[in-house]
Amino acid sequence: MKATARKIESELRDLVPRVLGRESAKVIAFKLGVPQRTAENWQAGLNLPNLPHFFGLAEMFPELRDKSLEWLAAALDVD
């Protein structure tokens, strides 16, 4: 399971900044109710969003939603 978690984290570190870079940090911050600096850190890849914020981002960005569903489907196949 640890290998799977590391793989997901690695993919997130690539995916989140790339996807969030398409939107203004100010808009992301407003929509999620987080400080603008937090959104800027996500865009720069300095931090990853926590789970509630990730789900909020997944509602905003189809790429994140699709990737989460892909991970869930893979987890269901393993068990």
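Right, let's walk through the structure included here. Note that the structure is a prediction, hence the values are computed from the model and not measured.

## Describing the overall build of the protein
Of the regular secondary structure elements, the protein holds five helices and zero strands. Starting at the N terminus and walking to the C terminus, you meet the elements of the protein as α-α-α-α-α. Here the protein has a C-alpha radius of gyration of 13 Å; the compact-globule value for 79 residues is 12 Å, and the two agree. By principal-axis analysis of the C-alpha atoms, the protein measures approximately 40 × 20 × 20 Å. Taken across its 79 residues, the protein has 32% of its residues classed as buried. Excluding contacts between residues fewer than 6 apart, the proportion of contacts in the protein whose partners are at least 24 apart in sequence is 49%. Entry remark: accessible area of the protein is about 5400 Å², with carbon and sulfur atoms responsible for 58%. Placing the 11 positive and 11 negative side-chain charges of the protein at their respective mean positions leaves the two points 5 Å apart.

## Let's talk about the pattern of salt bridges
The tally for this structure, following the rule as stated, stands at seven salt bridges. One network of salt bridges, in which partners are shared, links K7, E11, K67 and E70.

## Notes on the nonpolar core
Of all hydrophobic cores here, the largest spans 18 residues; its most connected members are L20, I28, W42, L57, F61 and L64. Among the elements of the structure, α1 (2-20), α2 (25-32), α3 (36-44), α4 (51-60) and α5 (62-78) are those that each provide at least two residues to this core. With five residues, α1 is the single largest residue contributor to this core. Contact partners of W42, with chain neighbours within four places excluded, come to V16, P17, L20, I28, L32, V34, N47, L48, P49, H53 and L57.

## Topic: the environment of F55
Examined against the element boundaries, F55 turns out to sit in helix α4. On the accessibility criterion, F55 (47% relative accessible area) is partly exposed. Counting along the chain gives 10 residues from F55 to R65, while the straight-line C-alpha distance between them is 7.9 Å.

Procedures and definitions
Residues numbered from 1 in each chain as written. Predicted model: local features only at pLDDT ≥ 70, side-chain atom pairs only at ≥ 80, totals over all residues. Heavy atoms only, no water. Helix = DSSP H or I, 4+ residues; strand = E, 2+ residues; numbered from the N terminus. Rg over C-alpha atoms; globule rule 2.2 N^0.38 Å. Buried < 20%, exposed > 50% of the residue type's maximum accessible area, 1.4 Å probe, protein only. Contact = heavy atoms within 4.5 Å. Areas by Shrake-Rupley, 256 points an atom, 1.4 Å probe, with all protein chains shown as cover. Lys, Arg positive; Asp, Glu negative; His and termini not counted. Charge placed at Lys NZ, Arg CZ, Asp CG, Glu CD. Salt bridge = Lys/Arg side-chain N within 4 Å of Asp/Glu carboxyl O. Core = buried A, V, L, I, M, F, W, Y, C linked by side-chain atoms within 4.5 Å.

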